[in-house]
Amino acid sequence: MKKLLLISFVGFLFSTCFGQQVNKPNILFISIDDMNDWTTLFDKSNPIKTPNLERLAARGCFFERAYCTSPGCAPSRNSIMTGLKPTTSGLYGFQPWREALPNEVTLPKYFNNYGWATRGAGKLFHHGKQPGSNVGGGDDAPAKINSFEEFYPMQMGNVKGANLNGFTEGKIGVKAGDWGEANVKMVDHYTVEWIEEQLAKQWDKPLFLAAGIYKPHLPHYAPSDIFDLYPFDETRLPPMPEDDFDDLSEAAYKMSQNQHFRYQLPMEQPENSPGSFKKMIQSYQASATFADRMIGRIIDKWDESGMADNTIIVLWADHGYHLGDKKSVVKFTLWEKANRVPFIIVAPGVTTPGSRCSRPVSLVNIYKTLVELSGLPQKEGIDGNSLVPLLKNPNMEWNYPALMSQGEGNYAIRSDRWRYIRYKNGEEELYDHDNDPWEHNNLAGDDKYAGVLAEHRQYLPKNEAPSFKPKPRNKE
Ligand SMILES: [Ca+2]
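Residues numbered from 1 in each chain as written. Predicted model: local features only at pLDDT ≥ 70, side-chain atom pairs only at ≥ 80, totals over all residues.

Student: Kindly report on the overall build of the protein chain, identifying the contributing residues and their values.
Tutor: A tally of regular secondary structure across the protein chain gives 15 helices and 19 strands. Over its C-alpha atoms the protein chain spans a radius of gyration of 22 Å, differing by no more than 12% from the 23 Å that the globule rule assigns to 476 residues. When the 476 residues of the protein chain are sorted by exposure, 53% land in the buried category. Counting only contacts in the protein chain whose residues sit at least 6 apart along the sequence, the fraction spanning at least 24 positions is 71%. (Helix = DSSP H or I, 4+ residues; strand = E, 2+ residues; numbered from the N terminus. Rg over C-alpha atoms; globule rule 2.2 N^0.38 Å. Buried ≥ 20, exposed ≤ 12 C-beta atoms within 10 Å, placed from the backbone. Contact = placed C-beta atoms within 7 Å.)

If you want it as structure tokens, here you go:
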């Protein structure tokens, strides 16, 4: 087995170093929406069951400390697909990204320019409806620059307006904030069926196939047999200390307050009601396992296709999610839970099956990593660093702490041990992850850590692109 691995490794090196792209690898590119790190992928003792992510990790390298560039669907995905950080593109939020970058060659398009067929389905870009954005999860650029030759947009599914949690008015309710048991065809079923159809075809070119899974994003729906894995009475909640905000700044409090409409109303419901906080957390967990199940289907079909031996798989989530910790439910904060994500790369001949890398890495690195793994020349002018050295040696030193932003001017830096946060108004936080994984103790005010603070301040961005302002649109 070792000998075989060595031969394929040498062969892979040869073909990449000398540009002999005899076997251009297929790329299977899988995204997940809003899945945090409280899963069994990260630690068997965690409550959220993700057996298929574990199965995939066993084939390649799992990055234990991977971070989005920004904890929002749009800015995070834009960074992955373009290789540009928000501080470079000015896309800190939910602006129509194609208006800002009309000629940008995205990652799939870059492969297409070198001969790959490109297909995509589901939520890959943010599924905004505004013109110049990304309708249905794809890219609405003209064909010559579009990310995909063919794209199957997100389908509505049959749960629209289900109102399972009982909220009918206010800011939470049927519109986006529903949760509960749903035994009907949902968006991810449609997406995965389309992906399976692509895998049943014969391809005469290398294939870049992208599957954008929408769960566990709200509404947190899952079928009953998955809810059965999460008995309601045993629902595990994260630690939520009452005094957690006592050592935090006004800026931190304000950022977290964005989310209180999702937090307070369920907190006020009787525990056994369908709209309760506990029911919401149970539903998120079931919904995450549903996403895992959908990914299992894609992996099985890919294996059947016969393409697996010559395929690089990359799997990522766009950002994490608070589940009541830090008095937040959702994302849009600079704390660990909203930014740490599942991230796996399987590269036959390069990654060691079952390897884990604990160096902090940013998802903006995906672009350069896939390009190098495929033996292509690097694209000029984009951000990040190829992770190929870490894939080969997950324990090597890595001096590129991950940078996160939440809106213009608010940043977090994650190094091996520390999370440093600096808000636009200059207020700071520091957390020691060796001792405080839920970030309850802000050390920024303690003189003992002046050196750690000074070191991390150096990693703050030197240049910050101004936030992109779209052209005003006529109201119809
Ligand atoms: Ca998201």
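After presenting the structure, the write-up continues.
Student: An account of the packing of helix 7 (residues 187-199) against helix 11 (residues 277-304) is needed here, citing residue identities and associated values.
Tutor: Between helix 7 and helix 11, whose axes approach to 9 Å, the crossing angle comes to 10°. Judged on the interaxial angle alone, helix 11 and helix 7 are roughly parallel. Between helix 7 and helix 11, the residues in contact are Asp 188, Val 192, Ile 195, Glu 196 and Leu 199 and Ala 291, Met 294, Arg 297, Ile 298, Lys 301 and Trp 302, respectively. Taken together, the residues that form the contact of helix 7 with helix 11 break down as seven nonpolar, no polar and four charged. (Axes fitted to C-alpha atoms, helices over the stretch in contact; angles between N-to-C directions. Parallel < 35°, antiparallel > 145°, perpendicular 65-115°, else oblique. Nonpolar A, V, L, I, M, F, W, Y, C, P; charged D, E, K, R; others polar.)

Student: Go over helix 7, please, and point to the residues and values.
Tutor: Over its 13 residues, helix 7 runs 19 Å from end to end, which matches the ideal 18 Å to within 8%, given 1.5 Å per residue. When helix 7 is considered as a whole, its buried residues turn out to be Val 187, Asp 188, Thr 191, Val 192, Trp 194, Ile 195 and Leu 199. Viewed end-on, helix 7 has its buried residues packed into an arc of 160°, placing them on one side of the element. Among the structural elements, strand 4 (117-122), strand 5 (150-152), strand 7 (207-216) and helix 11 are those in contact with the buried residues of helix 7. (Expected span 1.5 Å × (residues − 1). Arc of directions from axis to C-beta.)

Student: How would you explain the sheet that holds strand 4 if you had to name every residue and give the values?
Tutor: In a beta sheet, neighbouring strands are held together by backbone hydrogen bonds and run either parallel or antiparallel to one another. Taken together, the eight strands give an open sheet; going across it, the order is 5-4-7-1-9-13-2-14, and neighbouring strands pair in mixed fashion. At either end of the open sheet lies a strand with only one pairing partner, and these are strand 5 and strand 14 (355-357). Going from strand to strand, the sheet's axes swing by 15° on average, the running direction of each strand aside. Relative to strand 14, strand 2 (residues 61-63) runs parallel, the two sharing three bridges. When the bridges of strand 14 are listed, Phe 63 appears paired with Cys 357. Lying over the sheet, helix 13 (residues 366-373) contacts strand 1 (26-33) and strand 9 (311-317), oriented at roughly 175° with respect to strand 9. (Pairing = 2+ DSSP bridges.)

Don't take any of this as a statement about function, it's just geometry.
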